[in-house]
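One-letter residues, chain by chain:
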Amino acid sequence: MPSIVCSAQASYKKLPGLLELSNSHLQWTKAGEKAPSVKVPHSDASSLSRSKVGAAQVRLKVGLVSDEAGHNFTFTSPQAVALAEREKFEAELTNIIARNRAGTAPPVPQKPPGPTVAAVTPIPSTPKPSHVGTPARPTPQLSRAPTSRAPSVASDARGSGTPDPTNDFRLRKKVLLSTPELAQLHREMVMGGHITENEFWEGREHLLLAQAAAESQKRGKPGQLVDPRPQSVDGEVKIVITPQLVHDIFEEFPIVAKAYNDNVPSKLSEAEFWSRYFQSKLFNAHRASIRSSAAQHVVKDDPIFDKYLEKDDDDLEPRRLREERVDTFIDLGATSVDHDETGNEKDVTMQAGKQRAVLPLIRKFNEHSTRLLDTALGGPATKRRRTDAGDERISQIDLEDLHDNQASAGILLDMQDRQRYFDGRATSTADGAASGPRVDFREALQQAKVSTVGWSAALTQLKVDRKAGDGALVNMTQNVASRLDVKSRKHDIPETLFRQMTTCQTAANEFLRQFWLAIYPPPTEAQALAPATPAQKAAKAAKMVGYLGKTHEKVEALVRVAHQEGVDPARVKVAMKPVVDAVDKALDFWRMKNAKGAR
């Protein structure tokens, strides 16, 4: 059996289904059927094209050797998911077409004689929008987005390998756009020529990895039940039909898709079909609330759609029973035969039919929820179930949140004369053990027991001094009040000077970060953009020291500007003191390191 490389929900000739790419064929299977309706061997693929960026529909066209028109597939998942699925198919098919052109296509199983594509019911192209109105019911407005001509991507030689997120320029751009402060720092440091692009992102790999993880998350299917609502268009009440709405109706109500295939275009045009459907009893039976009962007196009898009406699912047992077995840990009926001596009749909350009129609506919601979960989990539960019942039950109670966090190995301490340090500790420990007093553990235990005699009486006589608690509460209140007072007060530093102080502090912090990254190893080597050699790190550290050495001059310049602006220079010195102290510590460390190396 061929293995599936990738799969996605896609429509073919407006019919929903599943598009799959195996190691030998590209095939499309109509929803509800088991045999594929379209099956194309790898050797028949000759070209590839797709819809334009930003188009309303995410499409992919596969051209064949014998038929350049090929097949058009429309990915029906939400926009973000559909784009990711198309990219995956596009990458795999591009490699297949490249092998075909080079004449190195892998052998495929011998296919039977006849056409490659199975017969599929043709559906005509969508007609122009039409409006059919009656005073009694809102009528549909057919609207279709024009199909964009797809640019060819067959010549695109992109590989199927996953790029490194830390080197992806697109991710870097998105992070900068989402963080204005980081973008401003990037302009000053990188575009100003102080550091390189890779040096700027070194140590910020977690931002790129977080952005990549956010983009890789697939958006689930909307949980809202399909229920078209009338809208006011040009002063008339109409229902606007979109391709997505048609797909949702066919997926939610397969009986409507069957009626469409049976009657369009042989008996009805597409505009007539939707116009009559929204005025029929079938549409009112599909409404997502009991309000449809109030409209039963105004809908019209329709000889075509009335044939597809089903009896209300209001019996005690639902018409469509669950096929898959319910997990034992969540099966409410698992203990239905227990305690027969005291009675095991279902209580009122488990008895269906107390309000028979709401049973069809409840079961409609249940079926919709089941389809929603199957879509999110990748298929029905019977296909996902493990074969070993023991492993299945253990996996249900094995929660990831209950596992211990994996401890980090940390950063190895690089210290001088390591052996002498441990030898000294061992000697001092041996001397202390020989000369220190010995403890008699039995006597210590006896003393501990004696000290706990009468503890309950002593506990009742315990009195807590209120002064300590009151003092702590007063201190916390004063601390909060002082913080609020600082936040409420506006600083009287001019905006221009304040911006210059912020720029100086940000630049100094970045130079400090780059300096210490060159001195000490990163927390994890796996996320490093490009591991540097010791010589490169030494050169980078010396370069950063040159920038840090100018910090005092910049602060003095800010003090002079503050004096000219009428601001107390001491306030600027106090504000910049933490940065100046950090710079001084880095410079002292660099001088001591060079002095040791020169000895």
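Residues numbered from 1 in each chain as written. Predicted model: local features only at pLDDT ≥ 70, side-chain atom pairs only at ≥ 80, totals over all residues. Heavy atoms only, no water.

This next bit is on the packing of helix H7 (residues 254–263) against helix H8 (residues 270–277). Relative orientation and spacing of two packed helices are given, respectively, by the angle between their axes and the distance between those axes. Orientation of H7 relative to H8, taken along the N-to-C sense of each, is 140°, at an axis distance of 11 Å. Between H7 and H8 lies a crossing whose hand is right-handed. For the pair H7 and H8, the contacting residues are Val256, Ala259 and Tyr260 in the first and Glu270, Phe273, Trp274 and Tyr277 in the second. Of the residues in the contact of H7 with H8, the class split is six nonpolar, no polar and one charged. (Axes fitted to C-alpha atoms, helices over the stretch in contact; angles between N-to-C directions. Helix = DSSP H or I, 4+ residues; strand = E, 2+ residues; numbered from the N terminus. Left-handed = near helix turned anticlockwise from the far one by under 90°. Contact = heavy atoms within 4.5 Å. Nonpolar A, V, L, I, M, F, W, Y, C, P; charged D, E, K, R; others polar.)

Moving on, we get to the side chain of histidine 71. Its location among the elements puts histidine 71 in strand S7 (residues 71–75). A residue is classified by how much of its surface remains accessible, and histidine 71, at 6% relative accessible area, is buried. Among the polar contacts made by the side chain of histidine 71, one reaches the side chain of tyrosine 12 at a distance of 2.9 Å. (Buried < 20%, exposed > 50% of the residue type's maximum accessible area, 1.4 Å probe, protein only. Polar contact = N/O pair within 3.5 Å; in protein donor to acceptor, adjacent residues only side chain to side chain.)

Each regular strand displays side chains that alternate between the two surfaces of the sheet. Of all the six residues making up strand S5 (residues 45–50), six are buried; the element is thus mostly covered by neighbouring parts of the structure. Relative to strand S6 (residues 58–64), S5 runs antiparallel, the two sharing five bridges. Across the sheet, the residue bridging to serine 47 is glycine 63, located in S6. (Pairing = 2+ DSSP bridges.)

A separate point is the side chain of glutamate 252. As for its placement among the helices and strands, glutamate 252 is situated in helix H6 (residues 243–252). Within the local environment of glutamate 252, its side chain forms a polar contact with the side chain of histidine 368, the two groups lying 3.0 Å apart. With residues up to four places along the chain from it excluded, the contact list for glutamate 252 reads Leu225, Val226, His368 and Arg371.

Our next topic: the confidence of the model for the protein chain. Across the protein chain, pLDDT averages 76, with 73% of residues at or above 70. Of all secondary-structure elements in the protein chain, the lowest mean pLDDT belongs to strand S8 (residues 139–142), at 40, while helix H19 (residues 551–564) reaches the highest, 92. Taken together, the stretch residues 104–161 has pLDDT below 50 and engages in 121 contacts with residues farther than four places along the chain or on a different chain. Low pLDDT (under 50) marks residues 382–388, which in the prediction has ten contacts with non-local residues, meaning those over four places away or in another chain. (pLDDT = per-residue confidence, 0-100.)

In this section: the environment of lysine 267. Positionally, lysine 267 belongs in the loop between H7 and H8. You can call lysine 267 exposed: its relative accessible area is 54%. Each C-alpha atom, one on lysine 267 and one on isoleucine 304, is 9.5 Å from the other, the two residues being 37 residues apart in sequence.

So, on to the packing of aromatic side chains. All chains considered together, the criterion is met by 22 aromatic pairs. Plain terms: the ring middles of phenylalanine 511 and tyrosine 547 are 4.8 Å apart, the flat faces sit at 20° to each other, and that makes the pair stacked. Here tyrosine 547 lies in helix H18 (residues 534–548) and phenylalanine 511 lies in helix H17 (residues 495–519), a separation of 36 residues in the sequence. Owing to a relative accessible area of 3%, phenylalanine 511 belongs among the buried residues under this scheme. Looking at tyrosine 547, the relative accessible area reads 19%, which means it is buried. Members of the aromatic cluster, joined through ring pairs, are Phe250, Tyr260, Phe273, Trp274, Tyr277, Phe278, Phe283 and Phe305. Geometry around phenylalanine 200 places arginine 204 over its ring, the cationic atom sitting 4.5 Å from the centre. (Phe/Tyr/Trp six-rings, centres within 6.5 Å; stacked < 30°, edge-to-face > 60°. Lys NZ or Arg CZ within 6 Å of the ring centre and 35° of its normal.)

The seven strands are arranged S4-S3-S2-S1-S7-S6-S5 in an open sheet whose pairing can be described as antiparallel. The open sheet has two edge strands, strand S4 (38–41) and S5, and neither has a second partner. The average undirected angle you get between the axes of adjacent strands in this sheet is 30°. Sheet strands touched by helix H1 (residues 79–102): strand S1 (4–12), strand S2 (15–22), strand S3 (25–30), S5, S6 and S7. Its angle to S5, the strand with the most contacts, is close to 150°.

Omega for the peptide link from valine 264 to proline 265 comes to 5°, which places this bond in the cis form. With respect to the helices, strands and loops of the structure, proline 265 is situated in the loop between H7 and H8. The backbone of lysine 13 sits at a positive phi, close to 55°, despite the residue not being glycine. Tracing the backbone shows lysine 13 in the loop between S1 and S2. On the accessibility criterion, lysine 13 (37% relative accessible area) is partly exposed.

Burial in helix H3 (residues 180–189) covers these residues: Leu182, Ala183, Leu185, His186, Glu188 and Met189. Contacts from the buried residues of H3 go to helix H2 (169–178), helix H4 (197–201), helix H5 (205–216) and H17.

This part takes up the pattern of salt bridges. For side chains bearing opposite charge, pairing can occur when the charged atoms are close. One pass over the full model with this rule turns up 15 salt bridges. Here arginine 591 makes a salt bridge to aspartate 588, at a shortest N to O gap of 2.2 Å. In this pair, arginine 591 and aspartate 588 are both assigned in helix H20 (residues 569–598), three residues apart and thus about one turn of the helix distant. In this structure aspartate 588 comes out as partly exposed when scored by relative accessible area, which is 35%. In this structure, a network of salt bridges that share partners links the residues Asp168, Arg170, Lys174 and Glu215. (Salt bridge = Lys/Arg side-chain N within 4 Å of Asp/Glu carboxyl O.)

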